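Each chain is listed here by its residues.
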Amino acid sequence: MSAAEWKKKCEEEWSLQSAPMPDGLDWKSVYEAKPFGRNLLMNPAPYGLSKDIPPPEPELPAVPDRGPPRFQPDGNFTGWTTNSEVLPYDTSGIPEVSITLVCAEGLWDELLDEFQPEIAIQDWYEESQLHDSIYQLHVKLLGADKNTVISEHTVNPTEQRLVYSHEWKEVSHVFSGYGPGVRYVHFLHRLKNSFLNGFHNTQFTGSAVIVRPSKSSP
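Residues numbered from 1 in each chain as written. Predicted model: local features only at pLDDT ≥ 70, side-chain atom pairs only at ≥ 80, totals over all residues. Heavy atoms only, no water.

1. Looking at the overall build of the protein
Applied cut-off: In this text, helices come from DSSP runs of H or I with a minimum length of four residues, and strands from runs of E with a minimum of two, each type numbered from the N-terminal end. When a residue's accessible area, from a 1.4 Å probe over protein chains only, is under 20% of the maximum for its type it is buried; when over 50% it is exposed; and in between it is partly exposed. Values of accessible area rely on a 1.4 Å probe in the Shrake-Rupley scheme; residue burial ignores everything except the protein chains shown.
Scanning the protein from terminus to terminus reveals three helices and 10 strands. Order of helices (α) and strands (β) in the protein, N terminus to C terminus: α-α-β-β-α-β-β-β-β-β-β-β-β. Looking at the protein as a whole, 42% of its 218 residues qualify as buried. For the protein, the exposed surface amounts to about 11,300 Å²; the carbon and sulfur share of it is 52%.

What follows is the structure, encoded as structure tokens:
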């Protein structure tokens with residue numbers, strides 16, 4: 001197909017009739033990148049778990065673990081940057097393990113600056129019952145220097161532990177009307193782990209950053 005035909009294909013398939021679409025772009029590459037409607041996080045479920053199936057019940061050791069404390073969970077964290085913060089047991093509301101990712105794919109500057117498509121964030125975390133505060137989410141839309149914050153959203157829920165519950169809890173947000181200059185998404189969530197007679201962690205799944213071909217409003 002010609003360049004004009006690839007551009008037309010992108011416009012029609014993603015309903016971008018009102019979006020800026022410069023002739024100079026490689027529209028074949030844009031189409032193949034499929035920047036809309038898919039999860040831009042390459043590894044949304046490092047534990048191999050699905051939000052559609054209840055989280056597994058923790059296995060309690062028959063004999064308490066007397067070995068050295070352990071703070072990193074098992075899992076395939078390819079595509080994530082991980083680090084741990086060792087805190088006094090249950091004296092802080094700050095979770096202990098943070099996982100971050102910066103991503104940017106397939107979108108052109110004029111679209112982000114003028115059309116400002118919606119950017120949807122989603123995450124699911126386990127009710128691990130480890131603490132009143134077991135999860136935090138902080139998402140930032142960054143400029144080209146990866147430092148300038150153009151818009152941000154923070155979630156820091158307090159768990160209700162009076163009645164036992166062990167399900168997945170959803171966290172979501174949609175960025176819209178965020179202003180020009182966005183080039184990257186910084187996705188940070190923090191989850192509490194505990195080492196007391198064994199290692200206990202808070203698992204997550206279904207992490208997502210999805211750009212929608214919908215014009216956002218302020």
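Structure's up, so let's keep going.
2. Side note on the sheet that holds strand β3 (residues 117-126)
The condition that has to hold: When DSSP finds two or more bridges between a pair of strands, those strands are recorded as paired. To obtain each axis, a line is fitted to C-alpha atoms, and for helices this fit is confined to the stretch in contact; angles are then taken between N-to-C directions over 0 to 180 degrees.
With antiparallel pairing, the three strands of this open sheet are ordered in space as β6-β3-β10. Every interior strand has two partners, whereas the edge strands, β6 (168-175) and β10 (204-215), have only one. Put simply, the sheet's adjacent strands are angled 15° from each other on average, direction ignored. Bridge count between β3 and β6: eight bridges; the pairing is antiparallel. The partner of Glu126 across the bridge, within β6, is Trp168.

3. Structural notes on the pairing of strand β7 (residues 184-191)
When you tally the buried positions in β7, you get seven out of eight residues, the bulk of the element. The pairing of strand β4 (residues 135-142) with β7 spans eight bridges and is classified as antiparallel. By the bridge assignment, Lys140 is partnered in β7 with His186.

4. A look at unusual backbone geometry
In this structure, Lys34 is a non-glycine residue whose phi angle is positive, near 45°. Note on placement: Lys34 falls in the loop between α2 (27-33) and β1 (81-84). We note that Lys146 has phi near 65°; this positive angle belongs to a residue other than glycine. Counting through the fold element by element, Lys146 comes out in the loop between β4 and β5 (149-155).

5. Some points on the packing of aromatic side chains
Describing an aromatic ring pair means giving the distance of the ring centres and the angle of the ring planes. Under the convention used in this document: Any Phe, Tyr or Trp ring, taking Trp's six-membered ring, that has another such ring centre within 6.5 Å forms a pair; planes under 30 degrees apart are called stacked, those over 60 apart edge-to-face, and the others tilted. Comment: the charge-over-ring label is applied if NZ (Lys) or CZ (Arg) is within 6 Å of the ring centre and within 35 degrees of the ring normal.
Applying the stated criterion across every chain yields a total of six aromatic pairs. With centroids separated by 6.4 Å and ring planes inclined at 90°, the aromatic side chains of Phe36 and Trp108 adopt a geometry described as edge-to-face. Residue Phe36 is located in the loop between α2 and β1, and its partner Trp108 is located in the loop between β2 (97-103) and α3 (109-115); the two are separated by 72 residues in the primary sequence. As far as the burial class goes, Phe36 and Trp108 line up, both buried. Here a set of aromatic residues connected by ring pairs shows up, and it is made of Trp6, Trp14, Trp27, Tyr31, Phe36 and Trp108. If you follow Lys34 out to its NZ or CZ, it ends over the ring of Tyr31, 4.2 Å from the centre.

6. Brief notes about the pattern of salt bridges
Heads up, the condition is: Any carboxyl oxygen of Asp or Glu within 4 Å of a side-chain nitrogen of Lys or Arg constitutes a salt bridge here.
Enumeration according to the criterion identifies nine salt bridges in this entry. Asp52 serves as the salt-bridge partner of Lys51, at 3.2 Å between the closest nitrogen and oxygen. Classification of Lys51 by relative accessible area gives partly exposed; the value is 37%. Here Asp109 ties to Arg183 by a salt bridge, and the two come within 3.1 Å at their closest N and O atoms. Of this pair, Asp109 sits in helix α3 while Arg183 is found in the loop between β6 and β7, placing the two residues 74 residues apart along the sequence. Assessed through its relative accessible area of 39%, Asp109 is described here as partly exposed. In the salt-bridge network here, residues are joined through shared partners; they are Lys8, Glu11 and Glu12.

7. So, the confidence of the model for the protein
How we decide: Scored between 0 and 100, pLDDT is the confidence that the predictor attaches to each residue. Residue contacts are defined here by distance: any two heavy atoms, one from each residue, within 4.5 Å place the two residues in contact.
Considering every residue of the protein, the mean pLDDT works out to 79; 74% of them sit at 70 or more. Per-residue pLDDT, averaged within each element of the protein, yields its smallest value for β2 (51) and its largest for β5 (95). Every residue in residues 67-71 scores below 50 in pLDDT, and together they form 11 contacts with partners more than four places removed in sequence or on other chains.

8. Quick word on the environment of Lys9
Looking at the element boundaries, Lys9 is found in helix α1 (residues 3-13). Remark: the alpha-carbon pair of Lys9 and Trp27, spanning 18 residues in sequence, is separated by 8.7 Å. Aside from chain neighbours lying at most four places away, what touches Lys9 is Met1 and Tyr31.

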